[in-house]
Amino acid sequence: MRKLLSTTSISNNTKWKQYAVTVAGGNGEGNQLNQLSRPYGIYIDDEDQSIYIADQWSHRIVKWKSGASHGQVVAGGNGEGNRLDQLNHPTDLIVDKNSDSLIICDWGNRRVVRWPRRSEADQHIVISNIDCFRIAIDSTGDLYVADWKKNEVRRWKEGDSVGIVVAGGNGKGNNANQLNGPTSIYVDEEHSLYVSDHHNNRIMKWMKGAKEGISVAGAYGQGNSLTQLSYPQGITVDHLHNIYVADSGNDRIMRWSKGSRTGSVIVRGHGQGEKPNQFNCLGSVTFDRKGNLYVVDSWNHRVQKFDVDSN
């Protein structure tokens, strides 16, 4: 589980600066250590504020220390392939502190792999034959995997060979028990699951054990009004249960308060572009422990940081 922000980090009145600082990449597309290539998933390590990035088209996971001008390869980086020391278009990762390892959604190889942080060997496949797109972990160590082809999310306990469907799994559609292209997922402290339902332009919340989800953001058709989303990607949730969405089709970051049918724009993209206040195809969105906002700006090959605006 990605920890909910502490009560001192964010309030309902928190605002963010509208011009970002590039904290990873931003030096054109490529596989040099100061570059990224279509990054997607991201994980912030609260211990040292290091950023772990699924550098999709470079087939690697890179770690950027806070303030660094370049990253270091911590998984993959040995070319596109299906050997245990290779990755193929990884789309997401999490850091499992209990085992001191990375768990990686190895999208192109249709598998989830575990990669120890302190060793260059001992990589192994956790789940195979799955069209994974995003992953999450809860407080008990159960793993959640969004399968974009089967339009479902499964929960896997350690040692499971199949996993249990916890969202979707009823074919592609827009009913309350269906999904259409699940991308980002988030699990809260109550083990409720939030799903970015990409092609349905909505965010769904599935309570633990529920057979149907409820729409908690969007679901009013594709659009750019404050009740709508357009191809949502990354999501995260704060301790007040506000939902933050990378509204990719609208080049903006939105916040939905608990129970609200209307969202608010917290970072407004000013048209597609590569300026500090623009985006080009949003990926993940997350926060550090101080409440600063991190956004993966995928087609600009960079990670953007929006500081809390204290003024």
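Residues numbered from 1 in each chain as written. Predicted model: local features only at pLDDT ≥ 70, side-chain atom pairs only at ≥ 80, totals over all residues. Heavy atoms only, no water.

**A few points about the overall build of the chain**
Helix and strand counts for the chain come out as zero helices and 24 strands. The C-alpha radius of gyration computed for the chain amounts to 18 Å, which stays within 12% of the reference 19 Å derived for 311 residues, consistent with globular compactness. Projected onto its principal axes, the C-alpha coordinates of the chain cover approximately 50 × 45 × 35 Å. The contacts of the chain with a sequence gap of at least 6 include a subset with a gap of at least 24, amounting to 47%. Accessible surface computed for the chain: about 13,300 Å², of which carbon and sulfur atoms make up 44%. (Helix = DSSP H or I, 4+ residues; strand = E, 2+ residues; numbered from the N terminus. Rg over C-alpha atoms; globule rule 2.2 N^0.38 Å. Contact = heavy atoms within 4.5 Å. Areas by Shrake-Rupley, 256 points an atom, 1.4 Å probe, with all protein chains shown as cover.)

**Points about the sheet that holds strand β18 (residues 232-237)**
The strand order across the open sheet built from four strands is β18-β19-β20-β21, with neighbouring strands paired in antiparallel fashion. A single partner strand is all that each edge strand has here, and the edge strands are β18 and β21 (264-268). Each adjacent strand pair in this sheet contributes to an overall mean axis angle of 25°, direction not counted. Note that strand β20 (residues 252-256) and β21 share four bridges and pair antiparallel. The residue bridging Arg-255 from the neighbouring strand is Ser-264, located in β21. (Pairing = 2+ DSSP bridges. Axes fitted to C-alpha atoms, helices over the stretch in contact; angles between N-to-C directions.)

**Considering the layout of surface pockets**
By volume, the second largest pocket is sized at about 430 Å³. Surrounding the second largest pocket, 21 residues form its lining, Gln-72, Val-73, Val-74, Pro-116 and Arg-117 being those nearest its centre. Breaking the lining of the second largest pocket down by element, the ones donating at least two residues are β5 (72-76) and β8 (111-116). It is β5 that contributes the most residues to the lining of the second largest pocket, five residues altogether. Partitioning the lining of the second largest pocket into residue classes produces seven nonpolar, five polar and nine charged. (1 Å grid on protein atoms, 1.4 Å probe; cavity = no way out; pocket = protein on both sides within 12 Å on 5 of 7 lines; lining within 4 Å. Points joined across faces, edges and corners; volume = space filled by probe spheres on them. Nonpolar A, V, L, I, M, F, W, Y, C, P; charged D, E, K, R; others polar.)

**Some words on the sheet that holds strand β9 (residues 124-128)**
Across the sheet, which stays open at both edges, the four strands sit in the order β6-β7-β8-β9 with antiparallel pairing between neighbours. Pairing within the sheet leaves two strands with one partner each, and these edge strands are β6 (92-96) and β9. Neighbouring strand axes in the sheet, compared pairwise and without regard to direction, differ in orientation by 20° on average. Two elements, strand β7 (residues 101-106) and β8, share six bridges in a ladder whose sense is antiparallel. In the strand pairing of β8, Ile-104 is matched with Val-113.

**Quick look at the pairing of strand β14 (residues 182-187)**
Of all six residues that make up β14, six are buried, and the element is covered over most of its length. Here β14 pairs with strand β15 (residues 193-197) via four bridges, running antiparallel. Each residue of the ladder has a partner; that of Ile-185, found in β15, is Val-195. (Buried < 20%, exposed > 50% of the residue type's maximum accessible area, 1.4 Å probe, protein only.)

**Looking at the UniProt feature "repeat: NHL" (unreviewed entry) in the chain**
Feature annotation in UniProt assigns "repeat: NHL" (unreviewed entry) to the following positions: residues 172-209, 228-259 and 273-309. When the span residues 172-209 is considered, its composition is 0% helix and 42% strand, and the gap between its end C-alpha atoms is 20 Å. Span residues 273-309 is 0% helix and 43% strand, its end C-alpha atoms 23 Å apart. (UniProt positions renumbered as here; feature names shortened; annotations may be inferred.)

**A short note on the packing of aromatic side chains**
In this structure the tally under the stated criterion is seven aromatic pairs. Consider the rings of Tyr-186 and Tyr-194, whose centres lie 6.4 Å apart with planes at 70°: the pair is edge-to-face. On the accessibility criterion, Tyr-186 (2% relative accessible area) is buried. Ring centres 4.8 Å apart and planes at 75° place the aromatic pair Tyr-244 and Phe-287 in the edge-to-face group. (Phe/Tyr/Trp six-rings, centres within 6.5 Å; stacked < 30°, edge-to-face > 60°.)

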